[in-house]
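Single-letter residue listing:
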Amino acid sequence: MTTENIVEITNLAFSYPTRDIFQSVNMRIPRGQVTGIMGGSGCGKSTLLRLIGGQLQPTGGVCKVMGQDVHQLGHDALYELRRKIGMQFQQNGLFTDLSVFDNLAFPMREKTDLPESLIEDLVLLKLNAVGLRGAAKLMPSELSGGMMRRVGLARAIALDPQLIMYDEPFAGLDPISCNVVGNLIRKLNDALNVTSIVVSYDATEALKIVDYVYFIADGVIAAEGATADVKSSSDDFVHQFIRGKPDGPVPFHYPANAYAADLDMAPRA
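Here's a quick rundown of the structure. Bear in mind the structure is a predicted one, so any value in this text is a computation, not a measurement.

Pairing is antiparallel in the open sheet, where four strands are placed in the order β2-β1-β4-β5. Looking at which strands have only one partner, the edges of the open sheet turn out to be β2 (19-30) and β5 (68-69). In this sheet, strand β4 (residues 60-65) lies alongside strand β1 (residues 5-16) in antiparallel orientation, the contact comprising five bridges. Pairing of T10 across the sheet is with V62, part of β4. Lying over the sheet, helix α1 (residues 45-52) contacts β1, β2 and β4, oriented at roughly 115 degrees with respect to β1.

Shown next, in the form of structure tokens:
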């Protein structure tokens, strides 16, 4: 079944035992676009990806991926759906004892019956797409941070997914690597005719490549819009977030008693 939106999230709620994450989140991810999900650290961006992938069970609402209610699927159907989803992990997630080549070959060997000769061709094709065909024999420990991120990206497209999710793809990278990775995400999305979800707190880099962006704060969608509209938005939250302002709807100080009251309660020597 083909739908205009590859992901449809309706009134999604989720809580950990000690903390509420989402109250009621509504989101539509159109096919073929790069959609950004942004927000401060700890707002639930990575949790949302786990809910989309069926790793977590919501406390309320519905999450549909490719027309299927993810959290109503049985074991086999869920894993069949996951084969259509590529994932670049926040910490790259490479197998440290496998070469770059074998990191990419791993999902092909595990999930397909392809002959080794064809797997070799496909691995080199994916590595060439991210500019690392010459690094096929290297170990992860021999790679720079930017190269590891690109290997993770190549592995995310190893099985030709329809949906690719990127969890903080710019974290810890220098400006040149950020630009390289961002351009790759955009180019691969368009060249492969896939759909991409980019989770990030890096407004500068993310807004260069996304078509539409959702901002999460306090368990809800605080703002959303096309990239051009977001950049010129007068919304206080959006303005503070994309410009990194210390003052605004997002407070600098963690909730606490009045400073004077805490000083009065402090033990004296």
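If you check helix α6 (residues 175-192), its first and last C-alpha atoms are 26 Å apart, about what 18 residues at 1.5 Å a residue would give, namely 26 Å. Among the residues of α6, the N-terminal cap falls to D174, whose side-chain oxygen and the backbone nitrogen of I176 are separated by 2.9 Å. Residue N193 follows α6 closely and has a positive phi angle near 55 degrees.

Inspection of the secondary structure assignment puts T195 in strand β8 (residues 195-200). Judged by relative accessible area, which is 2%, T195 ranks as buried. Contacts of T195, omitting those with residues within four sequence positions, involve I6, I29, P30, R31, G32, Q33, Q162, L163, I164 and N189.

To continue, consider the sheet that holds strand β9 (residues 212-217). Strand order across the open sheet formed by six strands is β6-β7-β8-β3-β9-β10, with mixed pairing between neighbours. Edge strands, defined here as strands with exactly one partner in the open sheet, are β6 (85-88) and β10 (220-226). Across the sheet, the mean angle from the axis of one strand to that of its neighbour is 15 degrees, orientation sign disregarded. Bridge count for strand β3 (residues 34-38) against β9 is four bridges, and the pairing is parallel. Directly across from I37, in β9, lies its bridge partner Y214. Running at roughly 150 degrees to β8, α1 makes contact with β3, β6, β7 (163-167), β8 and β9 of the sheet.

Take the packing of aromatic side chains next. Using the criterion set out here, one finds three aromatic pairs in the structure. Relative to Y16, the ring of F14 lies with its centre 4.8 Å away and its plane at 85 degrees, an arrangement referred to as edge-to-face. With centroids separated by 4.9 Å and ring planes inclined at 55 degrees, the aromatic side chains of F95 and F106 adopt a geometry described as tilted. Within this pair, whereas F95 is found in the loop between β6 and α3 (100-111), its partner F106 is found in helix α3, the two being separated by eleven residues in sequence. Since its relative accessible area comes to 35%, F106 is described here as partly exposed.

This paragraph deals with the pairing of β7. The buried count for β7 comes to five of five residues, which makes it a mostly enclosed element. Strand direction decides the pairing type here: β6 and β7, joined by four bridges, are parallel. Bridged to G86 within β7 is I164. Viewed along the sheet, the connection from β7 through α6 into β8 turns out right-handed.

The rules we used
Residues numbered from 1 in each chain as written. Predicted model: local features only at pLDDT ≥ 70, side-chain atom pairs only at ≥ 80, totals over all residues. Heavy atoms only, no water. Pairing = 2+ DSSP bridges. Helix = DSSP H or I, 4+ residues; strand = E, 2+ residues; numbered from the N terminus. Contact = heavy atoms within 4.5 Å. Axes fitted to C-alpha atoms, helices over the stretch in contact; angles between N-to-C directions. Expected span 1.5 Å × (residues − 1). Polar contact = N/O pair within 3.5 Å; in protein donor to acceptor, adjacent residues only side chain to side chain. Buried < 20%, exposed > 50% of the residue type's maximum accessible area, 1.4 Å probe, protein only. Phe/Tyr/Trp six-rings, centres within 6.5 Å; stacked < 30°, edge-to-face > 60°. Right-handed = clockwise from strand over helix to strand, strands pointing away.

Function cannot be read off these values alone, since they describe shape.
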